[in-house]
Amino acid sequence: ILAIVLLCGGLAFFLMVLAPLKKTTLRIHDITYAKNLSLAQKEPLSVPFNDEIGKLVEEVNNLIKYFSELGQFKRLLEEDESLDDVYERLGQLLRQRFGFSHFVIYTVSNSQNTMEVVYRSPEDLIVNQEILVMADLCRAKRTGRIVSSFETEGICKMFIYENADHICIPLIAGGKVEGVIHLLFLTKTKEKSRK
């Protein structure tokens, strides 16, 4: 009886733990070395259990999906004809995929130390005109680091909205800030009076 119990326990352990873990490990290995992530995503992993192993498999599937979408987005950007098309696609991604409603994408001219609005949502969103003519006033552009009022209130002197928060993300290429994404989180927004 003891041998049968041990055999059944070992079989159950193999079916419920070892087999799903091995399958998940092999899939992660395949994805790590795959040249085409969309092929790796075609057959998501599945486990008939809703325990920790099932949760692990679900997270691996989510990770596969995320990297596949990222790869597809990268390919689309590479195939766009102009920078305007790239900024339009990036703006759509921020609105549709991530749900941001108020944001600005700036491009930076390092040689002239200026910034230009290349995408704005909504189109009538007010921007600080000072950073357009003197880009180094923009903290994210100047430092090349993410600037967040969620972490440090009042971190940016150029932020023109009261009762709102923001995150500014520098877009860096070749060691230089080539653009900035400014995400605005409105509450009761009103523009600061600029003197």
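Residues numbered from 1 in each chain as written. Predicted model: local features only at pLDDT ≥ 70, side-chain atom pairs only at ≥ 80, totals over all residues. Heavy atoms only, no water.

**Here's the deal with the confidence of the model for the protein**
In regions of low pLDDT, the predicted coordinates are not meant to be interpreted in detail. Operational definition: Confidence per residue, as judged by the predictor, is encoded in pLDDT with a range of 0 to 100. It only takes one pair of heavy atoms within 4.5 Å for two residues to be counted as in contact.
Mean pLDDT over the protein: 76, with 65% of residues reaching 70 or higher. This stretch, residues 188–195, has a pLDDT under 50; its non-local contacts, to residues over four places away or in other chains, come to 20 contacts.

**Here we look at a negative patch on the surface**
To keep things clear, this is the line we draw: Each patch groups residues whose relative accessible area exceeds 30% and which form no salt bridge, using 9 Å between like charges and 5 Å between nonpolar side chains of Val, Leu, Ile, Met, Phe, Trp and Tyr. The Shrake-Rupley method, run with a 1.4 Å probe sphere, supplies the accessible areas, and residue values consider only the shown protein chains as cover. For salt bridges, the criterion is a side-chain nitrogen of Lys or Arg within 4 Å of an Asp or Glu carboxyl oxygen. Residues counted as positive are Lys and Arg, residues counted as negative are Asp and Glu, and His and the chain ends are not counted. Think of each charge as sitting on NZ of Lys, CZ of Arg, CG of Asp or CD of Glu. What counts as a helix is a DSSP run of H or I of at least four residues, what counts as a strand is a run of E of at least two, and both are numbered from the N terminus. Throughout, exposure labels follow a simple rule: accessible area from a 1.4 Å probe, protein chains only, divided by the maximum for the residue type, with under 20% read as buried, over 50% as exposed, and the rest as partly exposed.
Judged by side-chain charge, Asp84, Asp85, Glu88 and Glu116 come together as a negatively charged surface patch. Residue contributions to the negative patch peak at 3 residues, all from helix H4 (residues 83–97). Residue placement: glutamate 88 occurs in helix H4. The class of glutamate 88 is partly exposed, set by a relative accessible area of 36%.

**Focus: the environment of glutamate 130**
Its place among the elements puts glutamate 130 in helix H5 (residues 129–133). Separated by 16 residues in sequence, glutamate 130 and threonine 114 place their C-alpha atoms 9.5 Å apart.

**Topic: the packing of aromatic side chains**
Heads up, the rule is: Between the rings of Phe, Tyr and Trp (Trp by its six-membered ring), a pair exists once the centres lie within 6.5 Å; its type follows the angle of the planes, with under 30 degrees stacked, over 60 edge-to-face, and the other angles tilted.
A complete count under the given rule lists 4 aromatic pairs for this structure. Measuring from ring centre to ring centre gives 6.0 Å for phenylalanine 100 and phenylalanine 185, while their planes differ by 75 degrees; the resulting arrangement is edge-to-face. With a gap of 85 residues between them, phenylalanine 100 in the loop between H4 and strand S1 (103–109) and phenylalanine 185 in strand S5 (residues 176–191) connect regions that are remote in the sequence. Residue phenylalanine 185 is classed as partly exposed on the basis of its relative accessible area of 26%. Summarising the aromatic geometry, the rings of phenylalanine 159 and tyrosine 161 are spaced 6.0 Å apart at their centres and angled 50 degrees between planes, so their arrangement reads as tilted. Three or more aromatic residues joined by ring pairs form one cluster here, namely Phe100, Phe150 and Phe185.

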